[in-house]
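# Survey of secondary and tertiary structure
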Amino acid sequence: MAKLSPRLALSLMGLASGVSVALALLAQHKFGMEPCPWCILQRMIFIVLTVLCLVAATLPGMPRRTLSALTLLLTLGGIAAALWQHFVAAKSASCALTFADKIITFVGADTRWPDIFEVRASCADAAASVLGVPFEFWSLALFAVVGMALLYSIVTPDRRA
C-alpha cells in the first residue's frame, strides 16, 4: 500500500478546514447556532489554514516544509483558542471585550463580512454540542489532525528521483 504523500495530506487538511467553516456557517444560518467571539476566531484560523495548507501542498521540498512549520504555529493557536473557549470563556456570560474580540475588530472582518464573522452571542450562550461533544472540541480535534498533517509534511522529504 502506498504511503500518503505530504502534498495529499496537506490538500486533504486544507479541504477539511474549508469544509469545517462551511459546516459552521450552515449551523449558524440554518440551525440558529449563533457564534461567540472564540468561535469566530477559530473560524478565521480555519480559513487561513485552508489557504496555507493548499499553498503548501503546491510547494516543493524545503519551501513546503518551511511553510508547514510556520502554519503549525497557527494550529497551536487554534488549539489554545478551543481550549480557552471551553474551559474559560464558556463559563462566563460577560460581554467584556476579550482577546478574540480584539483580534476580530482589528482585522475588521466583522464589519466587512458580518454574515460570516459577526459575533452574535456570548460563549456561555453559544455553548452547543454535536453528538454529545461540545462544538469547540470538534474544532480542537480538527486543529490537532491538521497539526499532525503539518508535522508529517515537515519531516517527510519529497520522493522524487
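A brief look at the structure comes next. (Residues numbered from 1 in each chain as written. Predicted model: local features only at pLDDT ≥ 70, side-chain atom pairs only at ≥ 80, totals over all residues. Heavy atoms only, no water.)

## Structural notes on the overall build of the protein
Selection rule: Note on conventions: DSSP H or I runs of at least 4 residues are helices, E runs of at least 2 residues are strands, and numbering of each starts at the N terminus. When a residue's accessible area, from a 1.4 Å probe over protein chains only, is under 20% of the maximum for its type it is buried; when over 50% it is exposed; and in between it is partly exposed. Contact between two residues is taken to exist if any of their heavy atoms lie within 4.5 Å; hydrogens are not considered. With residues, only the protein chains shown are counted as cover, and all accessible areas are computed by Shrake-Rupley using a 1.4 Å probe.
Counting secondary structure elements, the protein contains 8 helices and 2 strands. Split into buried and exposed, the 161 residues of the protein put 40% on the buried side. Relative to all contacts within the protein whose residues are 6 or more apart in sequence, the contacts with residues 24 or more apart total 84%. Accessible surface computed for the protein: about 8800 Å², of which carbon and sulfur atoms make up 73%.

## Overview of the packing of aromatic side chains
Selection rule: In this analysis, rings of Phe, Tyr and Trp, with Trp reduced to its six-membered ring, are considered paired at centre separations within 6.5 Å, and the interplanar angle assigns stacked below 30 degrees, edge-to-face beyond 60, and tilted for intermediate values.
Counted according to the given criterion, the structure contains 3 aromatic pairs. Ring centres 6.2 Å apart and planes at 45° place the aromatic pair Trp38 and Trp84 in the tilted group. Taken together, the positions of Trp38 in helix α2 (residues 37-58) and Trp84 in helix α3 (residues 61-87) put the pair 46 residues apart, joining distant regions of the chain. Since its relative accessible area comes to 7%, Trp38 is described here as buried. Since its relative accessible area comes to 42%, Trp84 is described here as partly exposed.

## Observations concerning a nonpolar patch on the surface
Cut-off, in case you're wondering: Surface patches are drawn from residues lacking salt bridges whose relative accessible area is over 30%; two like charges belong together within 9 Å, two nonpolar side chains (Val, Leu, Ile, Met, Phe, Trp, Tyr) within 5 Å. What makes a salt bridge here is a side-chain nitrogen of Lys or Arg within 4 Å of a carboxyl oxygen of Asp or Glu, nothing more.
Residues Leu4, Leu8, Leu12, Leu15, Val19, Leu23, Leu26 and Phe31 make up a contiguous nonpolar surface patch of roughly 750 Å² in combined accessible area. Given the relative accessible area of 42%, Leu26 is considered partly exposed.

## Considerations on the nonpolar core
Here is the rule: Among buried residues, those of type Ala, Val, Leu, Ile, Met, Phe, Trp, Tyr and Cys that are joined through side-chain atoms within 4.5 Å constitute a nonpolar core.
Ranked by size, the top nonpolar core spans 24 residues in total, and within it Trp38, Leu41, Phe46, Leu49, Val146 and Leu150 carry the most contacts. No other element matches α2, which puts 9 residues into this core. Setting aside its immediate chain neighbours within four residues, Leu41 contacts Ala81, Ala100, Ile103 and Ile104. One finds Ile40, Met44, Ala109 and Phe117 within the second-largest nonpolar core, a separate group that totals 5 residues.

## What to know about helix α4 (residues 99-107)
Rules: Think of the arc as the fan of directions from the helix axis to the C-beta atoms.
Within the span of α4, buried status applies to Ala100, Asp101 and Ile104. Viewed end-on, α4 has its buried residues packed into an arc of 100°, placing them on one side of the element. Facing away from the buried surface of α4 by more than 90 degrees, the exposed residues are Phe99 and Phe106. Against α2, α5 (109-112) and α6 (114-117) lie the buried residues of α4.

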